[in-house]
2 protein chains.
Amino acid sequence: MSGDNQIRFGLLTCTNIVRKLSRAINLSPNATISAIATTSSIEEAKSFTKSNNFPPNTKIHISYESLLEDPDVDAVYFPIPTRLHLEWATRAARKGKHILLDKPVALNVSEFDQIVEACEVNGVQFMDGTQWMHNPRTYKIKEFVNDFESFGQIKSVHSCFSFAANDDFLKHDIRVKPGLDGLGALGDAGWYTIQAILLANDFKLPKTVTALPGCVLNDAGIVLSCGALFDWEEGISATMYCSFLGNLTMEITAIGTKGTLRVHDFVIPYRETEAAFTTSARGCVSEHKVMTELPQEACMVIEFARLVGEIKNRGAKPDGFWLSISRKTQLLVDAVKESIDSNLEPVFLSGR
Amino acid sequence: MSGDNQIRFGLLTCTNIVRKLSRAINLSPNATISAIATTSSIEEAKSFTKSNNFPPNTKIHISYESLLEDPDVDAVYFPIPTRLHLEWATRAARKGKHILLDKPVALNVSEFDQIVEACEVNGVQFMDGTQWMHNPRTYKIKEFVNDFESFGQIKSVHSCFSFAANDDFLKHDIRVKPGLDGLGALGDAGWYTIQAILLANDFKLPKTVTALPGCVLNDAGIVLSCGALFDWEEGISATMYCSFLGNLTMEITAIGTKGTLRVHDFVIPYRETEAAFTTSARGCVSEHKVMTELPQEACMVIEFARLVGEIKNRGAKPDGFWLSISRKTQLLVDAVKESIDSNLEPVFLSGR
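The structure contained in this document is the topic of the report that follows. (Residues numbered from 1 in each chain as written. Chains lettered and ligands numbered in written order. Predicted model: local features only at pLDDT ≥ 70, side-chain atom pairs only at ≥ 80, totals over all residues. Heavy atoms only, no water.)

**Thoughts on the packing of aromatic side chains**
Aromatic ring pairs are reported here in terms of the distance separating the ring centres and the angle at which the planes meet.
Step number 1: The final tally for this structure, using the stated rule, is 26 aromatic pairs over all chains.
Step number 2: Centroid distance Phe169 of chain A to Phe244 of chain A: 5.0 Å. Interplanar angle 75°. Geometry classified as edge-to-face. Remark: Phe244 of chain A occurs in the loop between strand 11 (237–243) and strand 12 (245–256) and Phe169 of chain A occurs in helix 7 (residues 167–172); sequence separation between them is 75 residues.
Step number 3: Residue Phe169 of chain A is classed as buried on the basis of its relative accessible area, which comes to 12%.
Step number 4: Owing to a relative accessible area of 0%, Phe244 of chain A belongs among the buried residues under this scheme.
Step number 5: With centroids separated by 4.9 Å and ring planes inclined at 85°, the aromatic side chains of Trp132 of chain B and Phe266 of chain B adopt a geometry described as edge-to-face. Taken together, the positions of Trp132 of chain B in the loop between strand 6 (126–128) and helix 6 (136–146) and Phe266 of chain B in the loop between strand 13 (259–263) and strand 14 (274–281) put the pair 134 residues apart, joining distant regions of the chain.
Step number 6: A relative accessible area of 1% places Trp132 of chain B in the buried class.
Step number 7: Owing to a relative accessible area of 1%, Phe266 of chain B belongs among the buried residues under this scheme.
Step number 8: Each member of the aromatic cluster is reached from another via a ring pair, and the members are Phe161, Phe163, Phe169, Tyr192 and Phe244 of chain A.
Step number 9: If you follow Arg91 of chain A out to its NZ or CZ, it ends over the ring of Trp88 of chain A, 4.3 Å from the centre. (Phe/Tyr/Trp six-rings, centres within 6.5 Å; stacked < 30°, edge-to-face > 60°. Helix = DSSP H or I, 4+ residues; strand = E, 2+ residues; numbered from the N terminus. Buried < 20%, exposed > 50% of the residue type's maximum accessible area, 1.4 Å probe, protein only. Lys NZ or Arg CZ within 6 Å of the ring centre and 35° of its normal.)

**Details of the side chain of Gln125 of chain B**
All names here are of chain B.
Step number 1: The residue Gln125 is located in the loop between helix 5 (109–122) and strand 6 in this model.
Step number 2: Assessed through its relative accessible area of 0%, Gln125 is described here as buried.
Step number 3: Here Asp319 takes part through its backbone nitrogen, which lies 2.8 Å from a polar atom of the side chain of Gln125.
Step number 4: Every residue in contact with Gln125, bar those within four places of it in the chain, is listed here: His98, Ile99, Phe304, Leu307, Val308, Ile311, Pro318 and Asp319. (Polar contact = N/O pair within 3.5 Å; in protein donor to acceptor, adjacent residues only side chain to side chain. Contact = heavy atoms within 4.5 Å.)

**A few points about the environment of Asp341 of chain A**
Step number 1: With respect to the helices and strands, the residue Asp341 of chain A is situated in helix 11 (residues 321–341).
Step number 2: Residues Asp341 of chain A and Ala211 of chain A, 130 residues apart in the sequence, show an inter-C-alpha distance of 9.2 Å.

**Concerning the environment of Val267 of chain B**
Residues and elements named next belong to chain B.
Step number 1: Tracing the backbone through its elements, the reader meets Val267 in the loop between strand 13 and strand 14.
Step number 2: The class for Val267 is buried, based on a relative accessible area of 4%.
Step number 3: The spatial distance from the C-alpha of Val267 to the C-alpha of Phe144 is 18 Å, given a sequence separation of 123 residues.
Step number 4: The residues contacting Val267, other than those within four sequence positions of it, are Trp132, Phe161, Tyr192, Met250 and Gln296.

**Observations concerning the interface of chain A and chain B**
Step number 1: Counting from both sides, the interface comprises 37 residues of chain A and, opposite them, 37 residues of chain B.
Step number 2: Counting the surface lost from both chain A and chain B, the interface buries some 2,800 Å², and carbon and sulfur atoms represent 58% of this.
Step number 3: The three residues of chain A that bury the most area against chain B are Pro213, Tyr241 and Asn247 of chain A, which together make up 18% of that side's buried surface.
Step number 4: Our enumeration of links across chain A and chain B arrives at 2 salt bridges.
Step number 5: Taken together, the connections running from chain A to chain B amount to 16 residue pairs in polar contact (both at pLDDT 80 or more).
Step number 6: Every element with two or more residues in the side of chain A that touches chain B is listed here: strand 7 (154–164), strand 10 (223–231), strand 11, strand 12 and strand 13 (259–263) of chain A.
Step number 7: In terms of residue count, strand 12 of chain A provides more of the side of chain A that touches chain B than any other element does, 9 residues in total.
Step number 8: Looking at side-chain class alone, the side of chain A that touches chain B contains 13 nonpolar, 18 polar and 6 charged residues. (Buried area = accessible area lost by both parts, 1.4 Å probe. Salt bridge = Lys/Arg side-chain N within 4 Å of Asp/Glu carboxyl O. Nonpolar A, V, L, I, M, F, W, Y, C, P; charged D, E, K, R; others polar.)

**Re the relation of the copies chain A and chain B**
Step number 1: Of the transformation superimposing chain A on chain B, the axial component is 0.0 Å and the angular component is 180°, with the fit at an RMSD of 0.0 Å. The operation mapping one copy onto its partner corresponds to a two-fold rotation axis. (Least-squares fit on C-alpha atoms with pLDDT ≥ 70 in both.)

**Section: helix 6 (residues 136–146) of chain A**
All names here are of chain A.
Step number 1: Restricting attention to buried positions, one finds in helix 6 the residues Arg137, Thr138, Ile141, Lys142, Phe144 and Val145. Viewed end-on, helix 6 has its buried residues packed into an arc of 160°, placing them on one side of the element.
Step number 2: Looking at the packing, one finds that the buried side of helix 6 touches helix 9 (189–200), strand 13, strand 14 (274–281) and strand 15 (284–291).
Step number 3: For helix 6, the N-terminal cap is Asn135; the gap from its side-chain oxygen to the backbone nitrogen of Arg137 is 2.9 Å. (Arc of directions from axis to C-beta.)

What follows is the structure, encoded as structure tokens:
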């Protein structure tokens, strides 16, 4: 793709996650970096863009507002605290910028619906930044669980994502601060497990969500670890466990009537260019390896830029698929939180 | 060990599980088969003993009573419906026979306590027939989760055991009949998952047990699939899922603060002479293989016969370790059932 057709990204903040995403954009043939906004010094931003191989002509903005006014920015990546998502995503949408927004997409689904509305009114593409969903392995996994001959009818899913945060994280990270990312481990690690459970259930919402006993909160009431049960019609259920307090574990086990799926590194594959999963079906256990030319974050950027390109270059309408998955995930995150806050009562999702 | 010192087993019934156990006894240097009781024809029993390589002098009894009177029987293996355990195990104990009893050990813990009392009064050894607990791999697994340096403090365990029973099983097997094995998938597949969860928690009982939504019962009210949550002190919890309705899956995932354990075939290892498990600790994922000279059911027989031999040949007292694990498992099975029967209310175990 010629440079002229590349989708031009504006990035907010000079942080580690932007470092990772800028590498992904550089690896994506249909995307480029055109600008970055910093709220600290221009010197620091210059050094950041240089050390991360940003294009030499990357513009540096000294405020988010200024970046959103930049006509050379097609799309914005937002690695900012969840509490700021509503304000900045809706402002970006009103400026016609396409939106790649980190998870959790909002503090709750009603905030997210305002973002959705702003995207729809302004015709901009939305995607949340859950990278593993774009790994080629994920498509293979989905193919397996959707294959009635091999997997049958789904019965049970268990997914967990935990990592052992250090003391500094547990004291100072934005993910444990009520003023910033109020959903804690549930909005962070839990988001992935919930999306894995939705994926295994073909993105069908459960009927009820029940938080499990044993939830750990910090002094400010932020979730550090919790579990939940999701219940579809009779005999189809899923459990998730997410935690900042346990050793790195990233599991999906999905059991169908005919087959079983197991993934051990679903969030961040052990290797960047190869990802494995195990199936058992008809009494036979098979290890599958999926080669990936590009890291999964680049696969995500390519898919997002492709959708933006359809709008920018071909006059297409925004694609609602990824947005609908973000909304369902946020709905389930909210329901787990609501159940935690209401003494583990089940939350009925009908009509939401 | 010379033949004179071998523990002499009496077996009840000519069934597939007795076929498997008789092979295990034949492989065990400290055990032998001395008798079998059949409630069908002597001819059938003769043919069964011959085709399964029983010792030529194996006595055939035409009733359980008669086998229990046999002075050449030291120990009895009971693969009979759970509803018959109380009667026959207590009768065996009163005759001084040591007891290898299939799981679930009783219909409830109060029945089991009567068996325990009969064993204690008559000085007989008790063990339940959960074979995987005796696999050398299980000892290695236990070593890992007990190693604070590698595994840290336990945080979460998930265990599931499911198999897809066919229509004939779902209509006619004793495990789905209220008159026979009233605990269904919970007492059968669930027994293993609960023992796995106890093992990972160093056999410490949880404080509360809560059945999860989504339980499936048959028309007679027998559990065909269910899940449960076990809760220790704050931040330590476990979930289990057991089912007759899902593809064969036999998982343990245990997460500590420093390490993670994964086992994929914990109930019946894929291979008889080698069993694997995976650990991750300090950022490193390791696959462990444990070689076993004998199948796990022979390891169980050897351990049981060793304990019986201590009593018979050295005047030792019965060892209470396995009995205490059986009792804890039955207690948790009962608690899950109680929670299912009381609209998923948590069951508090304090004092039980």
